[in-house]
Amino acid sequence: MTTTYETRKELISALRYQLDSGIDVSLVDTPEPHTPYMSADSLLKTPEISASIEAPHVTPQGESQSQLKPELRLDTQAQQQSSATQVAAIQHTPSTVPSSSLQPLEQLPSGTPDLSSVSTLGQLKDVLSKFDGCALKKTASNLVFSDGNPDARIMLIGEAPGRDEDRMGLPFVGESGQLLDRMLGSVGFGRNDVYITNTLPWRPPGNRTPSSEEVQMLWPFLCRHIELKAPAIIVALGGSSAKLLLESKMGILKLRGSVTEKLFGGRAIPILATLHPAYLLRTPIQKRSSYSDLLQLRAMADNLNPAATI
Ligand code: URA
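## Remarks on the overall build of the protein
Right, on to step 1. When you go through the protein residue by residue, the secondary structure sums to 14 helices and seven strands.
Right, on to step 2. Relative to its full complement of 310 residues, the protein shows a buried share of 46%.
Right, on to step 3. The long-range fraction of contacts in the protein, counting pairs at least 24 apart against all pairs at least 6 apart in sequence, stands at 75%.
Right, on to step 4. In the form shown here, the protein has an accessible surface area of approximately 15100 Å², with 52% of it arising from carbon and sulfur atoms.

Right under this line is the structure:
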């Protein structure tokens, strides 16, 4: 799965994301797979990029990159590796949490329609739009079902729609969505390479934390959504999504970078947990960890069997 950047703007945005993540050295002049068609060297000389490089990277605490404690600096050895080696190294870093099966669809909370007869994503959207059992629907303006490519092999699962998503009826269209696009772009993916949904299809009023009843009530819909989509890889974006999908109480900073297989419709699907873009907007220093997860996603996607159906 190789995506080339179609416009200069996409390319610069991807490179800027890498710079924010601490990848500030170009290692090779000849493009590696997934690196842009211009040499890194000439790109780094463009006015847009050189301006970002010359400005010192300042952390939220006001420290420049060079003043950071050694453990927070990008590993110099890692900087000297080729991007392919970095991917390989990162692939071996995460822990793999043992697999366990999720709550079967037969044990539905009362009031949930029978979803076993729902056989397409379109039907599921329709059933969900007619479902009146969840109070979140009453305060939301729109159902936020999904975006991206229904045929993509990567399914991203965020938390809940925010104000912009509620207004437009699409996930990740606000500020977090823009960052998500840049994150994906930094490893050569566009929206068309992924399918995106959330654990909840309606915005909790005022972006409040959804209650566990709401999450439980909507879980069978998400479960069926995953079964019908049958992705080859799931990415859990953020703590709520990761905890729900991985049935874990651990915080996202512990879960991120881990890959756990879970059963959906009898198929084991690997779930990669990573940081939510909204968190990265508040805590940009964590973009470095996020970028290593993204490289891992890229490696996982590149290792998929092209002939397999999921
Ligand atoms: N945050 C999410 O988790 N999902 C969205 O769709 C938007 C912001």
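## Here we look at helix H6 (residues 121–130)
Right, on to step 1. Looking at H6, one finds that the buried residues are Leu121, Leu124 and Leu128. Burial along H6 is one-sided: seen end-on, the buried residues are contained in an arc of 55°. The exposed residues of H6 that point more than 90 degrees off its buried face are Gly122 and Lys130.
Right, on to step 2. Residues of H6 that are buried make contact with strand E4 (194–198) and helix H10 (212–229).

## A word on the packing of helix H1 (residues 8–20) against helix H9 (residues 175–186)
A pair of packed helices is characterised by two quantities: the angle between their axes and the separation of those axes.
Right, on to step 1. Remark: H1 packs on H9, axes separated minimally by 8 Å, with the N-to-C direction vectors making an angle of 90°. Our classification of the angle between H1 and H9 gives roughly perpendicular. Contact residues: Ser13, Ala14, Arg16, Tyr17, Gln18 and Asp20 in H1; Leu179, Arg182, Met183, Gly185 and Ser186 in H9.
Right, on to step 2. In terms of residue class, the contact of H1 with H9 is built from four nonpolar, four polar and three charged.

## Considering the environment of Leu237
Right, on to step 1. Mapped onto the secondary structure, Leu237 falls in strand E5 (residues 233–237).
Right, on to step 2. For the pair Leu237 and Ile157, spaced 80 residues apart in sequence, the C-alpha separation works out to 5.8 Å.

## Some words on the environment of Ala140
Right, on to step 1. With respect to the helices and strands, Ala140 occurs in the loop between helix H7 (136–139) and strand E2 (147–148).
Right, on to step 2. Sequence-distant contacts of Ala140, that is, excluding residues within four places in its chain, are made with Asp166, Trp202 and Arg203.

Cut-off values and rules
Residues numbered from 1 in each chain as written. Predicted model: local features only at pLDDT ≥ 70, side-chain atom pairs only at ≥ 80, totals over all residues. Heavy atoms only, no water. Helix = DSSP H or I, 4+ residues; strand = E, 2+ residues; numbered from the N terminus. Buried < 20%, exposed > 50% of the residue type's maximum accessible area, 1.4 Å probe, protein only. Contact = heavy atoms within 4.5 Å. Areas by Shrake-Rupley, 256 points an atom, 1.4 Å probe, with all protein chains shown as cover. Arc of directions from axis to C-beta. Axes fitted to C-alpha atoms, helices over the stretch in contact; angles between N-to-C directions. Parallel < 35°, antiparallel > 145°, perpendicular 65-115°, else oblique. Nonpolar A, V, L, I, M, F, W, Y, C, P; charged D, E, K, R; others polar.

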